[in-house]
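Observations on the three-dimensional arrangement
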Protein chains: 2
Amino acid sequence: MSSLVLKLSSVYDWVMSQKLFAATADDPVQDPAMLRIDNPPVTLREMALERLRNAIIAGIFRPGQRLVERALCDQLGVSRSVIREVLRHLEAEGLVEMAPKQGPIVALIAWHQARQIYDIRIALETTAVADCARGADPDTKEKLRTVLEDLDRNSRKNDALTILAATNAFYETIFLSGGHEIAWDIVKRLNGRISRLRVMTLATANRTISGPANMRAIFDAILRNDPDAATAACRAHITEAARIAEGLLSPETPATIA
Amino acid sequence: MSSLVLKLSSVYDWVMSQKLFAATADDPVQDPAMLRIDNPPVTLREMALERLRNAIIAGIFRPGQRLVERALCDQLGVSRSVIREVLRHLEAEGLVEMAPKQGPIVALIAWHQARQIYDIRIALETTAVADCARGADPDTKEKLRTVLEDLDRNSRKNDALTILAATNAFYETIFLSGGHEIAWDIVKRLNGRISRLRVMTLATANRTISGPANMRAIFDAILRNDPDAATAACRAHITEAARIAEGLLSPETPATIA
DNA sequence: TTCCGTATGTTGGTATACCATCATATCAAG
DNA sequence: CTTGATATGATGGTATACCAACATACGGAA
């Protein structure tokens, strides 16, 4: 770990690949603002933020691990100003905590918190899928179909991070189709906080089977424009994930996952 | 506005009054960790964060207004490092946006976003009040009664910020009694983003009447341990607030409230 | 009068320097 | 062997310096 390096030199392509700009660019057909030159002022801070966030979510930095500022400076190749501003952002996101007298550490997650997160996801995601089932346009349905195909392909390879990305794409499509950008922001943030749990959950054998099955049930309900069925399937999906997560986390020490 | 000064000198008492530490100190009876000395490292950054956040929520800085870093340095009496880290935090909270080529501005709120926020609040708050109604202990009920009394007293004075604080205390009690700390964090943050709307909504005459009435209906339902009635009353409370807010915001220019 | 180029001042982005504090190690006294 | 005091190294908190880029104002030329 001491040799970990996350250099930012020549990461422009990487940044571009992260569709950082999806939030600002709408459908080119409808949005004349698409003509904007939009030379994106990719700042060091933004790059470092994405890097560090991904590193934490991917588990490169373990929960509870100290994030020594000067060490991060070396690893990322930027100054402390940048690192500290990034840490403030991640702190507000809940991914980093400030341990008293110690400085920043990767946030710990207790089961009673994870459970709340799953509950909130149920509340927000069931609303979103129901809305989507009520009025999904053909484009959305087609997109969901494509995402599910990707998921099926990838679920066989059992690459947790890839599956996670596909799952995110699935729900992102649902949320955004119903105009729930803010709710999606919240869910994204919450998912970041339980990312380790999600990876561990996916590693569970039966999860790679029933997870996609549940999502297909949601998809079918949306195709049939059946909000109630979609809600039920969504609730089942998250509830099951939460149950698996509880089995993984609950027996651990009283409040943390290391 | 140019003479605005938010000096931090000798604000220790103010900070203490903000119950910054409520999150770290639990019930002293149950929590032996309460014995900790806990010399709170009140950092300049934390003070500046609270100050600036409150200033934005209170409307001292208007939506869309530029937050020039060096000017804030003068107004708050701290260096740019502190200001910039605070701005990062507020940016992650959604209270501040980074305008391209311009720097930070107070976040604008469009009605289609405000509407989403009210919808999310309905999802989260109905869940919380239902849980509270299911298993509220006498202490919680007593606390709610006290808060409602405060509200009645203050609602006559028509001081929007005070009423807002009492309303927050009401819901905070409900959320925390059911162990929904994370949901309450989310709601708090969302409320910050629509704080102007909330103040304007409260200024509406009939709101000062029906708002407390709705909250009393929620309270009564909790007293009777009637989750369904509590849910309905809560939904009515938020829906009504949203309707008033829509009337205030919707006729405005296409996407912002200034 | 209009248009264009230059100069200037403001702003955010970045890096670095300094300081108080805390944790740890070392060592001496009991 | 244990306890306590001192020294030292590391860490976060804070302030400041420097720079590139942008916006604006001004002035001259067509």
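Heads up: the structure comes first, above all this text.
Residues numbered from 1 in each chain as written. Chains lettered and ligands numbered in written order. Predicted model: local features only at pLDDT ≥ 70, side-chain atom pairs only at ≥ 80, totals over all residues. Heavy atoms only, no water.

1. Here's the deal with the pattern of salt bridges
All told, the structure shown has 32 salt bridges over all chains when counted by the stated rule. A salt bridge links Arg88 of chain A to Glu85 of chain B, with the shortest nitrogen-to-oxygen separation between them at 3.0 Å. Linking Arg88 of chain A in helix H4 (residues 80-93) with Glu85 of chain B in helix H4 (residues 80-93), this pair reaches from one chain into another. A relative accessible area of 1% places Arg88 of chain A in the buried class. Residue Asp152 of chain A pairs with Arg216 of chain A through a salt bridge whose shortest N-O separation is 3.2 Å. Within this pair, whereas Asp152 of chain A is found in helix H6 (residues 138-157), its partner Arg216 of chain A is found in helix H10 (residues 205-223), the two being separated by 64 residues in sequence. Taking the relative accessible area as the measure of exposure, Asp152 of chain A reaches 28% and is therefore partly exposed. (Salt bridge = Lys/Arg side-chain N within 4 Å of Asp/Glu carboxyl O. Helix = DSSP H or I, 4+ residues; strand = E, 2+ residues; numbered from the N terminus. Buried < 20%, exposed > 50% of the residue type's maximum accessible area, 1.4 Å probe, protein only.)

2. Section: the protein's contact with DNA strand C
Lining the immediate environment of DNA strand C, one finds 21 residues, of which Thr43, Leu44 and Ser81 of chain A together with Arg70 and Arg84 of chain B sit closest. Sugar and phosphate atoms constitute 56% of the interface atoms of DNA strand C, taking the interface as everything within 4 Å of the protein. Glu69 of chain B is positioned with one of its backbone polar atoms (N or O) 3.2 Å from a phosphate oxygen of DNA strand C. Looking at the surface near DNA strand C, the elements with two or more residues in it are helix H2 (44-57) and H4 of chain A together with helix H3 (69-76), H4 and strand S2 (103-106) of chain B. (Near = heavy atom within 4 Å. Polar contact = N/O pair within 3.5 Å; in protein donor to acceptor, adjacent residues only side chain to side chain.)

3. Concerning the layout of surface pockets
Of the voids in this model, the second largest pocket is the one considered here, and its volume is about 770 Å³. Taken together, 36 residues form the lining of the second largest pocket, with Ala123 and Thr127 of chain A together with Ala123, Thr126 and Thr127 of chain B sitting closest to its centre. The leading source of residues in the lining of the second largest pocket is helix H5 (residues 111-135) of chain A, at 14 residues. Residues belonging to the lining of the second largest pocket are distributed by class as follows: 15 nonpolar, 12 polar and 9 charged. (1 Å grid on protein atoms, 1.4 Å probe; cavity = no way out; pocket = protein on both sides within 12 Å on 5 of 7 lines; lining within 4 Å. Points joined across faces, edges and corners; volume = space filled by probe spheres on them. Nonpolar A, V, L, I, M, F, W, Y, C, P; charged D, E, K, R; others polar.)

4. Points about the protein's contact with DNA strand D
Close contacts around DNA strand D come from 21 residues, with Arg70 and Arg84 of chain A together with Thr43, Leu44 and Ser81 of chain B the closest. Atoms of DNA strand D within 4 Å of the protein belong to the sugar or the phosphate in 56% of instances, the rest to bases. Interatomic distance of 3.2 Å between a backbone N/O atom of Glu69 of chain A and a phosphate oxygen of DNA strand D. Of all elements in the fold, only helix H3 (69-76), H4 and strand S2 (103-106) of chain A together with helix H2 (44-57) and H4 of chain B reach the threshold of two or more residues within the surface near DNA strand D.

5. Quick look at the interface of chain A and chain B
Listed by partner, the interface residues are 26 residues for chain A and 25 residues for chain B. Together, the buried faces of chain A and chain B total about 2400 Å²; carbon and sulfur atoms form 57% of this surface. For the pair chain A and chain B, the number of links is 12 residue pairs in polar contact (both at pLDDT 80 or more). Class assignment for the residues of the side of chain A that touches chain B results in 10 nonpolar, 7 polar and 9 charged. (Contact = heavy atoms within 4.5 Å. Buried area = accessible area lost by both parts, 1.4 Å probe.)

6. Quick word on the pairing of S2 of chain A
Residues and elements named next belong to chain A. Looking at chain direction, strand S1 (residues 96-99) and S2 are connected through 4 bridges and run antiparallel. Counted as the bridge partner of Val96 is Val106 from S2. If you look at the hairpin formed by S1 and S2, you'll find 3 residues sitting between the two strands, and Lys101 has a positive phi there, around 65°. (Pairing = 2+ DSSP bridges.)

7. Thoughts on the nonpolar core
In terms of nonpolar packing, the biggest core is built from 96 residues, with Phe170 and Ile174 of chain A together with Tyr118, Phe170 and Ile174 of chain B touching the most fellow members. Not counting residues within four places of it along the chain, the set of residues in contact with Phe170 of chain B comprises Leu144, Val147, Leu148, Met215, Ile218 and Phe219 of chain B. (Core = buried A, V, L, I, M, F, W, Y, C linked by side-chain atoms within 4.5 Å.)

8. Considerations on the packing of H2 of chain A against H4 of chain A
Residues and elements named next belong to chain A. Interhelical geometry of H2 versus H4 gives an angle of 50° and a closest axis separation of 9 Å. Compared by their axis directions, H2 and H4 come out oblique. Crossing angle aside, the handedness with which H2 passes H4 is right-handed. Facing Leu44, Arg45, Ala48, Leu49, Leu52, Arg53 and Ile56 of H2, the residues of H4 in contact are Val82, Glu85, Val86, Leu87, His89, Leu90 and Glu93. Split into classes, the residues belonging to the contact of H2 with H4 amount to 9 nonpolar, 1 polar and 4 charged. (Axes fitted to C-alpha atoms, helices over the stretch in contact; angles between N-to-C directions. Parallel < 35°, antiparallel > 145°, perpendicular 65-115°, else oblique. Left-handed = near helix turned anticlockwise from the far one by under 90°.)

9. Comments concerning H2 of chain B
All names here are of chain B. Compared with an ideal rise of 1.5 Å per residue, which puts 14 residues at 20 Å, H2 spans 20 Å between its outermost C-alpha atoms and is within 8% of the ideal. A large share of H2 lies buried, amounting to 10 of its 14 residues. What H2 keeps buried is the set Arg45, Met47, Ala48, Leu49, Glu50, Arg51, Leu52, Arg53, Ala55 and Ile56. Gly59, located one to two residues past H2, shows a positive phi value of around 90°. (Expected span 1.5 Å × (residues − 1).)

10. What about the side chain of Thr167 of chain A?
By secondary structure assignment, the location of Thr167 of chain A is in helix H7 (residues 160-177). Once residues lying within four places of it in the same chain are set aside, the contact partners of Thr167 of chain A are Leu151, Arg198 and Met215 of chain A.

11. With respect to H4 of chain A
Residue and element names in this part refer to chain A. The first and last C-alpha atoms of H4 sit 20 Å apart over 14 residues, in line with the 20 Å expected at 1.5 Å per residue. With 10 of 14 residues buried, H4 lies mostly within the body of the structure. Downstream of H4 by a residue or two, Gly94 has a phi angle that is positive, lying close to 90°.

12. Remarks on the relation of the copies chain A and chain B
In screw terms, the move from chain A to chain B is a rotation of 180° and a rise of 0.0 Å along the axis, fitting with an RMSD of 0.0 Å. Given the turn and translation reported, the copies of this chain are related as if by a two-fold rotation axis. In this assembly, 96% of the residues forming the interface of chain A have copies in chain B that are likewise at the interface, indicating an isologous arrangement. (Least-squares fit on C-alpha atoms with pLDDT ≥ 70 in both.)

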